[in-house]
Amino acid sequence: RDSMEVPQPQPQPQPLFFTGNVPEAIAKAQRENLVLVVAIHGDDAECRRMDDETWAAPDVQEALSSCAVALKLTWDSTDGVFFRQTFPVVTVPTVYFIGKCGKPLKALTGFMDATAMVAAVCEAAAAFAEPVSVQPQQSPPTTQSPTQPELQQQQQQQQQQQQQQQPAAAPESALEEQKKRVQEKIIAIKRQKAEEATKKEKEDEIKRREQGKDVLKAKTKRAELQAKLQAEEAKRERLAEKQARERLLNQVRLEKEQRKKLASPANNSEAAANPTQPAVPPPQSTVANVQFKLLTGETVRHQFDTTDTLSDCKVWLDAEKHLERVSYRMMTPFPRKVFSPEDYGRTLADLQLTQSTLVLVSPDAAAATASYGAAEVRAAPSAAPSAATAGSSGSWGYWDAVKSLFTSFIWEPPGNDPVQQSQNLGYVPNYTPTE
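Sequence order as written defines the numbering, with residues in each chain counted from 1. Only residues with pLDDT of 70 or above have their local features reported here, since the model is predicted, and side-chain atom pairs are shown and tallied only from 80 upward, although totals for entire chains, interfaces and linings are computed over all residues. Hydrogens and water molecules were not included; the side-chain quantities draw on all heavy atoms of the structure.

## Side note on unusual backbone geometry
With an omega of -5 degrees, the peptide bond running from Val92 to Pro93 counts as cis. Under the DSSP-based scheme used, a helix requires at least four consecutive residues in state H or I and a strand at least two consecutive residues in state E, with every element numbered from the N terminus. In this structure, Pro93 sits in the loop between helix H4 (78–86) and strand E3 (94–98). Located in the positive-phi region is Cys101, a residue other than glycine, with phi close to 60 degrees. Overall, the relative accessible area of 85% leaves Cys101 in the exposed class. Even without glycine at this site, His322 takes up a positive phi of about 55 degrees. Within the secondary structure, His322 sits in the loop between helix H8 (310–321) and strand E7 (328–333). Using a relative accessible area of 62% as the deciding quantity, one classes His322 as exposed. We call a residue buried when its accessible area falls under 20% of the maximum for its residue type, exposed when it is over 50%, and partly exposed in between, using a 1.4 Å probe and counting protein chains only.

Dropping the structure here:
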């Protein structure tokens, strides 16, 4: 019958820090000839980081278990307060390496990584293992030859000295081997860290290039979207302009048809046949948006009530543009109408200036003609009596009437065409008369 193999129990991992009290840890270090490592820690972030990264590293645990007795004390504990009274502790974390006779070999403060801690343990172990020179005892010179008991006593002393020197040599060789292994591990750790750093640099470079590509794609996509939106906006503007043009043309066509219908004889006969049927007036708005075109080409808009008079519009325009000392008159381009002084007392509803209306402001040619005529009279005062005498005769009045009737068919006096006066003064109204 084959013998069944019984699984061997695996050894439990020993704890890193000594679980007893301070005197027991000191006794163990003296008995086993080891370095006493005392770690003072608290509850801050650096202490927790050392617990997670430094003390948990396998290299640190191996180095401490081979050549030291590690003891961990809290800042506010009884043993910690007693230790701080003996050794100066300024901050946490603090690590003391104590050698023979309570002599501090090395002290570290603040956070230290695993590599630095292993190097510090090796340095403390090397300083702890330095041999103590023991000089042999010299017997006082005697003139007599030593007896047999004295020789035996000297031999026993020499043997004891050799036995004391042998354990010191053995730990020194062991520490040399331990130090060599730790240095090899340090080199391996550094090499591993260098490889990890190189790998991380490559990964970061790849990630940076991918991010650059993503940013470039996002910029290209945004530019395409912006161009598309601009094209759609331009298309909407063109469509709105086309619709506005069509509405304007339809309005003009309807107005032409309405004028033709009103001017047709059939409509006149129908109106004469039905004199009792009242015409239903279209609903009128109570607000008039008047746009004034000034002599300088500037446009001014204001909203009036249809019950306001044209004189109210003139008062507002004089106050808005400081035209109190300027002589001008108002007119509409389509249908073209020059407002007379009597029209200034009529309301906007009576003048059919409702809803949106364009009013042109042109210079007052009558005032300019009057001033020009006064200048001619002052230049030739002697001609006035003869003209008055000629006007009193009947023949001169007859020929004057024929001349005025004849010239009215050939040309219009320059003071009656507001558009021509505006063009002569350098102002061209911005409108297109319809057919």
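## Details of helix H5 (residues 114–128)
Here the expected length of a helix is defined as 1.5 Å per residue gap, with one fewer gap than residues. With 15 residues, H5 extends 21 Å between its outermost C-alpha atoms, agreeing within 8% with the 21 Å of an ideal straight helix rising 1.5 Å per residue. Within the sequence span of H5, burial applies to Thr115, Met117, Val118, Ala120, Val121, Cys122, Ala124, Ala125 and Phe128.

## Section: the sheet that holds strand E6 (residues 299–305)
Here, strands pair whenever DSSP counts at least two bridges between them. Strand order in the open sheet formed by 5 strands is E6-E5-E9-E7-E8, and the pairing between neighbours is mixed. Whereas interior strands pair on both sides, the edge strands pair on one side only; in this sheet they are E6 and strand E8 (336–338). Neighbour-to-neighbour, the strand axes of the sheet open up by a mean angle of 30 degrees, direction not taken into account. Bridge count between strand E5 (residues 287–293) and E6: 7 bridges; the pairing is antiparallel. Residue pairing in the sheet places Gln291 in a bridge with Arg301 of E6. To obtain an axis, a line is fitted to C-alpha atoms, over the contacting stretch when the element is a helix, and the angle between two such axes runs from 0 to 180 degrees between their N-to-C directions.

## Describing H8
Between its first and last C-alpha atoms H8 spans 16 Å; for 12 residues at 1.5 Å apiece the expected length is 16 Å, and the two agree. Looking only at H8, the buried set comprises Leu310, Cys313, Trp316, Leu317 and Asp318. Two residues qualify as a contact provided that any one of their heavy atoms is within 4.5 Å of a heavy atom in the partner residue. On the buried face of H8, the contacting elements are E5, E6, E7 and strand E9 (355–363).

## A short note on the pairing of E7
The buried count for E7 comes to 6 of 6 residues, which makes it a mostly enclosed element. By the bridge criterion, 4 bridges tie E7 to E9 in an arrangement that is antiparallel. Counted as the bridge partner of Met331 is Leu360 from E9. Strand direction decides the pairing type here: E7 and E8, joined by 3 bridges, are antiparallel. Counterpart to Met331 in the pairing with E8 is Val338. Taking the residues between adjacent antiparallel strands as the criterion, E7 and E8 are bridged by 2 residues.

## Some points on the pattern of salt bridges
Note on definitions: salt bridges are taken to be side-chain nitrogens of Lys or Arg within 4 Å of carboxyl oxygens of Asp or Glu. Counted according to the given criterion, the structure contains 13 salt bridges. Between Asp43 and Arg48 there is a salt bridge, and its shortest N-O distance comes to 3.4 Å. With a relative accessible area of 66%, Asp43 lands in the exposed category. By relative accessible area, which is 43% here, Arg48 ends up partly exposed. Taking the shortest distance from any N to any O, the salt bridge between Arg208 and Glu205 comes out at 2.5 Å. On the criterion of helical spacing, the pair formed by Arg208 and Glu205 is a turn pair, its members being 3 residues apart in helix H6 (residues 148–263). Take Glu205: its relative accessible area is 29%, and that puts it in the partly exposed class. A cluster of three or more residues bridged by salt bridges with shared partners is formed by Glu205, Arg208 and Arg209.

## Regarding the packing of aromatic side chains
Centres within 6.5 Å make a pair out of two Phe, Tyr or Trp rings, where for Trp the six-membered ring is used; the pair is then stacked when the planes are under 30 degrees apart, edge-to-face when over 60, and tilted otherwise. With the rule as written, the count across this model stands at 7 aromatic pairs. For the pair Phe83 and Tyr96, a centre-to-centre distance of 5.6 Å together with 70 degrees between the ring planes defines the contact as edge-to-face. With Phe83 in helix H4 and Tyr96 in strand E3, this pair connects stretches of sequence that are 13 residues apart. What makes Phe83 buried here is its relative accessible area of 9%.

## Describing the nonpolar core
We call a set of buried Ala, Val, Leu, Ile, Met, Phe, Trp, Tyr and Cys residues a nonpolar core when their side-chain atoms join them within 4.5 Å. Ranked by internal contacts, the top residues of the largest apolar core, which has 29 residues, are Trp55, Leu64, Val95, Phe97 and Met117. Elements with a contribution of two residues or more to this core: strand E1 (35–41), helix H3 (58–67), strand E2 (68–74), E3, H5 and H6. When residues of this core are assigned to their parent elements, the largest contribution, 8 residues, is made by H5. In contact with Trp55, not counting residues within four places along its chain, are Leu16, Phe17, Ala39, Met50, Val60, Gln61, Leu64, Val95 and Met117. Among the nonpolar cores identified, the runner-up in size contains 20 residues, and Val290, Val300, Tyr328 and Tyr344 belong to it.

## Notes on the confidence of the model for the protein chain
Predicted confidence across the protein chain gives a mean pLDDT of 75, with 67% of residues reaching 70 or more. For every residue, the predictor reports its confidence as pLDDT, a number between 0 and 100. The least confident element of the protein chain is helix H10 (residues 383–392), whose mean pLDDT is 41; the most confident is E3, at 92. In the model, residues 132–145 has pLDDT below 50 throughout and makes 5 contacts with residues more than four positions away in sequence or in other chains. Note on residues 405–435: pLDDT under 50 across the span, and 41 contacts to partners over four residues away in sequence or across chains.

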